[in-house]
Amino acid sequence: MKYLFLVFTCLFVSFVSAQTDAEILKTIYKTSLTNGNSYKWLDHLSNQIGGRLSGSLNAEKAIEYTKEELQKIGLDKVWLQPVMVPKWVRGAPEFAFIETASGATTKVNICALGGSIGTPFGGLKAQVLEVKSIDELESLGKENIEGKIVFFNRPMQADLIQTFEAYGGCVDQRYAGAMEATKFGAVGVIVRSMNLRQDDFPHTGSMTYGDIPVSKRIPSAAISTNDANLLSSMLALNKNLKFFFSQSCQQLNDVQSYNVIGEITGSQFPNEYILVGGHLDSWDLGDGAHDDGAGVVQSMDVLRLLKESGIKPKRSIRVVLFMNEENGLRGATKYAEIAKQKGENHIFSLESDSGGFTPRGFSFDCSDTDMNQILSWKELFKPYLIHYFEKGHSGADVGPLKTDTNVLAGLRPDSQRYFDYHHAANDTFDAVNKRELELGAATMASLVYLFDKYGLAN
Ligand SMILES: [Zn+2]
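The structure displayed is predicted, hence computed values, not measured ones.

## Section: the side chain of Thr182
Okay, so step 1: One can find Thr182 in helix α7 (residues 171-182).
Okay, so step 2: Beyond its immediate chain neighbours, meaning those up to four positions away, Thr182 contacts Ile212, Lys216 and Ile218.

Set out below in structure tokens:
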């Protein structure tokens, strides 16, 4: 009897310690899909708080809420890291129309770009010059541009399967369009929304004036894709038409804000950090559900899923909810600065900031040796249809943590519909699918588990 008990005990102990990685991943996915918390958190962030632009009251509410929720899941430490952030306010709703003759107007949908100045009180009306690129603008010169509103209308390239590439191929118009047009005496800038779909939503996003003095700056706004097409076709018929827009946004002084941080302290290597994060701020037009509420709640749930799945990490696992990714990256810069000061060794940092859609895999910023180790784990993800393991861009918020030896990564969800919602009023809770969100959280937690178990390859 005693012998039998001993055999049974040995079998049980070896069963637990010999649980394979495949079995552990299965537990993580099951926990996320049957007992996840990401969707509930996203519901609150989107529907009870809403858009969380840096420096806004909603951003403050989101800091308080996520801090309290992280405390509830029983982490070893939860704290706020102070950071000063820019505060830009949209003011009254924007208004715009196309005027073909005196009194003949067609209303169009626009929104101010983040960081833009307002129009003069009472609005701004001028003739329009349509261009497809900054190069084309430069080739036309001051004589064709002065006194006009420049309309940047290069669409996102439809045949690129990676829609982030199409975004990257267009976003210079939004970011630098006003700065460049100012040099040629333009009075305003209208930019086609960064959206592959034809619809009526204007999409905001950050823009810069570079070192152009405040007195010379011109207002810039995004126009919906439907209205960009309308404006372009009306210009083809009548190049003397006028465009009117009015916006009252302004840049205020920097204000105090915070990154929200939680940690499970490692049992064996507490000073080796594995970070998982997203950005807590969002644009103000929608609720920031995909960008980046999804990444925030997935990152929070990674730590919870590890605990719920009975995993006790050897290394310290941190969730960081970065403030001010959208219009300044101040939170990420501050986090990396403090981590460096404290000599914290961040071996692996994973960001989710590409929407809450079905996960496909990850892109990695790492050495070949580390990539080979990562590829040796690829088979484990096969049952979950996770197949994309490529070298590439990780994420804006983890970027400042890069060293010669560590690994950075970004979750790569399916990106086909991401730009339907990105920075627009329709980026709301209903646009996020519960299962897709939970699969993303489980996929992230699985990779975190593997990095905790095996560490870096070199
Ligand atoms: Zn984002």
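## A short note on the side chain of Ser299
Okay, so step 1: Mapped onto the elements of the fold, Ser299 is located in helix α9 (residues 289-308).
Okay, so step 2: For Ser299, the contacting residues outside a window of four places in its chain are Val276, Gly277, Gly278, Val319 and Met444.

## A short note on the packing of aromatic side chains
Okay, so step 1: Following the criterion strictly, the structure yields 21 aromatic pairs and no others.
Okay, so step 2: Taking the centre distance of 3.7 Å and the plane angle of 0° together, the rings of Tyr29 and Tyr384 count as stacked. Placement of the pair is Tyr29 in helix α2 (residues 21-35) and Tyr384 in the loop between α11 (368-377) and β15 (388-391), with a sequence separation of 355 residues.
Okay, so step 3: Where Trp377 meets Phe451, the ring centres are 5.0 Å apart and the plane angle is 85°; that geometry is what we call edge-to-face. Of this pair, Trp377 sits in helix α11 while Phe451 sits in helix α13 (residues 434-454), and the two are 74 residues apart along the sequence.

## Description of the coordination of the zinc ion
Okay, so step 1: All of the protein donors around the zinc ion are His279 (NE2), Asp291 (OD), Asp353 (OD) and Asp353 (OD); their distances to the metal are 1.9 to 2.8 Å.
Okay, so step 2: Coordination at the zinc ion is irregular, judged from the four donor atoms that bind it and the angles of 51 to 145° they form at the metal.
Okay, so step 3: Look at where the donors of the zinc ion fall in the sequence and you get H-x11-D-x61-D. Highlighted residues: Asp291 in helix α9 and Asp353 in the loop between β13 (345-351) and β14 (359-365), separated in sequence by 62 residues. For the residue pair Asp291 and Asp353, the accessibility class agrees, reading buried in each case.

## Some words on the environment of His393
Okay, so step 1: Looking at the element boundaries, His393 is found in the loop between β15 and β16 (407-413).
Okay, so step 2: A residue is classified by how much of its surface remains accessible, and His393, at 58% relative accessible area, is exposed.
Okay, so step 3: As a C-alpha pair, His393 and Asp365 span 28 residues in sequence and 6.3 Å in three-dimensional space.
Okay, so step 4: Each residue touching His393, except ones within four places of it in the same chain, is listed here: Ser363 and Arg412.

## Overview of the pairing of strand β10 (residues 250-264)
Okay, so step 1: Relative to β10, strand β1 (residues 77-89) is paired through 12 bridges, and the arrangement is antiparallel. By the bridge assignment, Lys87 is partnered in β10 with Leu252.
Okay, so step 2: Sheet topology note: the β10/strand β12 (residues 315-322) ladder contains five bridges and is antiparallel. The residue of β12 that forms the bridge with Val260 is Leu321.

## A short note on the nonpolar core
Okay, so step 1: Counting 65 residues, the largest nonpolar core has Leu70, Leu280, Phe348, Phe364, Ile374 and Phe381 as its most contacted members.
Okay, so step 2: Setting aside residues no more than four positions away along its own chain, Leu280 makes contact with Leu45, Arg52, Ala62, Ile63, Thr66, Val260, Val296, Leu321, Phe322 and Met323.
Okay, so step 3: One finds Phe184, Val189, Val191 and Ile218 within the second-largest nonpolar core, a separate group that totals 33 residues.

## Notes on helix α3 (residues 38-49)
Okay, so step 1: Between its terminal C-alpha atoms α3 stretches 16 Å, which fits the 16 Å expected from 12 residues at 1.5 Å a residue.
Okay, so step 2: Listing the buried residues of α3 in full gives Ser38, Trp41, Leu42, Leu45, Ser46 and Ile49. Along the axis of α3, the buried residues cluster in a sector spanning 120°; they form a single face. Every exposed residue of α3 that faces more than 90 degrees away from the buried side is listed here: Lys40 and Gln48.
Okay, so step 3: Buried residues in α3 make contact with α4 (57-72), α9 and α13.
Okay, so step 4: Downstream of α3 by a residue or two, Gly50 has a phi angle that is positive, lying close to 95°.

## Re the packing of helix α5 (residues 134-145) against α7
Okay, so step 1: Contact geometry of α5 with α7 gives a least axis separation of 11 Å together with a crossing angle of 25°. Between α5 and α7, the interaxial angle falls into the category roughly parallel. The handedness of the crossing between α5 and α7 comes out as right-handed. Between α5, through Ile134, Leu137, Glu138 and Ile145, and α7, the contact on the second element is made entirely by Asp172, Ala176, Glu180 and Ala181.
Okay, so step 2: Considered class by class, the residues forming the contact of α5 with α7 number five nonpolar, no polar and three charged.

Rules and cut-offs
- Residues numbered from 1 in each chain as written.
- Predicted model: local features only at pLDDT ≥ 70, side-chain atom pairs only at ≥ 80, totals over all residues.
- Heavy atoms only, no water.
- Helix = DSSP H or I, 4+ residues; strand = E, 2+ residues; numbered from the N terminus.
- Contact = heavy atoms within 4.5 Å.
- Phe/Tyr/Trp six-rings, centres within 6.5 Å; stacked < 30°, edge-to-face > 60°.
- Donors = N, O, S within 2.8 Å, 3.2 Å for Na, K, Ca; no water.
- Tetrahedral: all angles 85-135°; square planar, octahedral: opposite > 155°, others 65-115°.
- Buried < 20%, exposed > 50% of the residue type's maximum accessible area, 1.4 Å probe, protein only.
- Pairing = 2+ DSSP bridges.
- Core = buried A, V, L, I, M, F, W, Y, C linked by side-chain atoms within 4.5 Å.
- Expected span 1.5 Å × (residues − 1).
- Arc of directions from axis to C-beta.
- Axes fitted to C-alpha atoms, helices over the stretch in contact; angles between N-to-C directions.
- Parallel < 35°, antiparallel > 145°, perpendicular 65-115°, else oblique.
- Left-handed = near helix turned anticlockwise from the far one by under 90°.
- Nonpolar A, V, L, I, M, F, W, Y, C, P; charged D, E, K, R; others polar.

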